[in-house]
Amino acid sequence: SQTIHQWPATLVQPVGSPLSLECTVEGTSNPNLYWYRQAAGRGLQLLFYSVGIGQISSEVPQNLSASRPQDRQFILSSKKLLLSDSGFYLCAWSPGTAETQYFGPGTRLLVL
Amino acid sequence: ELKVEQNPLFLSMQEGKNYTIYCNYSTTSDRLYWYRQDPGKSLESLFVLLSNGAVKQEGRLMASLDTKARLSTLHITAAVHDLSATYFCAGFNYGGATNKLIFGTGTLLAVQP
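Residues numbered from 1 in each chain as written. Chains lettered and ligands numbered in written order. Predicted model: local features only at pLDDT ≥ 70, side-chain atom pairs only at ≥ 80, totals over all residues. Heavy atoms only, no water.

Enquirer: Summarise the pairing of strand β9 (residues 87-94) of chain A; cite the residues concerned and give the values.
Expert: Residue and element names in this part refer to chain A. With eight of eight residues buried, β9 is to be regarded as a mostly interior element. With seven bridges joining them, strand β4 (residues 32-38) and β9 adopt antiparallel strand pairing. Its bridge partner being in β9, tyrosine 36 is matched across the sheet by leucine 90. Pairing of β9 with strand β11 (residues 107-111) involves three bridges; the strand directions are antiparallel. For tyrosine 89, the partnering residue across the bridge sits in β11 and is threonine 107. Where β9 lies against strand β10 (residues 102-103), two bridges are found, and the strand directions are antiparallel. Each bridged residue has a counterpart across the sheet, and for tryptophan 93 the counterpart in β10 is tyrosine 102. (Buried < 20%, exposed > 50% of the residue type's maximum accessible area, 1.4 Å probe, protein only. Helix = DSSP H or I, 4+ residues; strand = E, 2+ residues; numbered from the N terminus. Pairing = 2+ DSSP bridges.)

Enquirer: Describe in detail the pattern of salt bridges, supporting the description with residues and values.
Expert: Under the definition given, this model contains five salt bridges over all chains. With a closest N to O distance of 3.5 Å, aspartate 85 of chain A and arginine 37 of chain A form a salt bridge. You can see aspartate 85 of chain A sitting in the loop between β8 (73-78) and β9 and its partner arginine 37 of chain A sitting in strand β4, a full 48 residues away along the chain. Classification of aspartate 85 of chain A as buried rests on a relative accessible area of 3%. Note that aspartate 71 of chain A and arginine 68 of chain A form a salt bridge whose closest N and O atoms lie 3.3 Å from each other. Because the salt bridges share partners, they merge into one network encompassing Glu59 of chain A together with Glu1 and Lys100 of chain B. (Salt bridge = Lys/Arg side-chain N within 4 Å of Asp/Glu carboxyl O.)

Enquirer: I'd like to hear about the sheet that holds strand β6 (residues 55-58) of chain B, residue by residue, with values.
Expert: Residue and element names in this part refer to chain B. The strand order across the open sheet formed by five strands is β1-β3-β8-β7-β6, and the pairing between neighbours is antiparallel. Both edges of this open sheet fall to β1 (4-7) and β6, since each of them pairs with a single strand only. When the angles between neighbouring strand axes are averaged without regard to direction, this sheet yields 15°. For strand β7 (residues 61-66) and strand β8 (residues 71-76), the ladder comprises six bridges, and the chain directions are antiparallel. Opposite alanine 63, over in β8, you have leucine 74 as the bridge partner. (Axes fitted to C-alpha atoms, helices over the stretch in contact; angles between N-to-C directions.)

Enquirer: Go over the packing of aromatic side chains, please, and point to the residues and values.
Expert: Summed over the entire model, instances satisfying the criterion amount to ten aromatic pairs over all chains. For the pair tyrosine 36 of chain A and phenylalanine 103 of chain B, a centre-to-centre distance of 5.7 Å together with 90° between the ring planes defines the contact as edge-to-face. Of this pair, tyrosine 36 of chain A sits in strand β4 while phenylalanine 103 of chain B sits in strand β10 (residues 100-103), placing the two residues on different chains. Like tyrosine 36 of chain A, the residue phenylalanine 103 of chain B is buried in the burial classification. Judged by centre distance (6.2 Å) and plane angle (70°), the rings of phenylalanine 103 of chain A and phenylalanine 103 of chain B are edge-to-face. With phenylalanine 103 of chain A in strand β10 and phenylalanine 103 of chain B in strand β10, the pair connects residues from two separate chains. Neither residue differs from the other here; phenylalanine 103 of chain A and phenylalanine 103 of chain B are each classed as buried. For arginine 108 of chain A, the ring lying beneath its charged end belongs to phenylalanine 88 of chain A, and the centroid distance is 4.1 Å. (Phe/Tyr/Trp six-rings, centres within 6.5 Å; stacked < 30°, edge-to-face > 60°. Lys NZ or Arg CZ within 6 Å of the ring centre and 35° of its normal.)

Enquirer: Give a description of the pairing of strand β11 (residues 107-112) of chain B that names residues and reports values.
Expert: All names here are of chain B. Taken together, the five bridges between strand β2 (residues 10-14) and β11 define a ladder with parallel strand orientation. Looking at the pairing, methionine 13 lines up with valine 111 of β11. As defined by bridge partners, strand β9 (residues 85-93) adjoins β11 across three bridges and the pair is classed as antiparallel. Bridging across to β11, alanine 85 finds its partner in leucine 109.

Enquirer: Help me get a handle on the state of the cysteines, residues and values and all.
Expert: Residues and elements named next belong to chain A. Summed over the entire model, instances satisfying the criterion amount to two disulfides over all chains. For cysteine 23, the disulfide goes to cysteine 91, at an S-S distance of 2.0 Å. The sign of the -70° torsion about the S-S bond sets the cysteine 23-cysteine 91 disulfide as left-handed. Linking cysteine 23 in strand β3 (residues 19-26) with cysteine 91 in strand β9, this pair joins segments that are 68 residues apart in sequence. (Disulfide = S-S within 2.5 Å.)

What follows is the structure in structure tokens.
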């Protein structure tokens, strides 16, 4: 069966510091991968998605970036965090573009 | 672009009662997803509805899809406290730069004993 991992689970970072969040999927190959952000009490905002190694589509202009160095690894990064980057970051995978997305456990980021 | 609206945003109900969460969407979407999110946790897939008239049931939850009315419903039967969570519906937006899921704002369900 497929599993999706995210780490770290929780992160507290100062404003202006860099960020790297990692997501890995096991038990499948060539998945679609997604990064979402959920602000407190709000819905989900799609940040990036990837259909293959090195292929990244960005949804919202911001100071975040994503990379997919391996088939089942998806990384979310920032060079300098802003207060507004605080939130719950969720990675998801799907077998294909229009298929059910399965979410990882999430990373809770607090920028102070 | 597809827009998805849920109502109510908050629902407080007593155990044993029935209620329905509504999910309206603005343009054609041939599939509709329902997810559950427990407080502080990630999203769990509940149902995917793939055609007009589709109905799926799991325990006390039943979801249906009417593509002509652009409406999906999540019906809760004889609610129990364990169903307390936030429920999201999502439609699939085709075309443009990205084919993607568009989520509703969620319905926070609180089941009171």
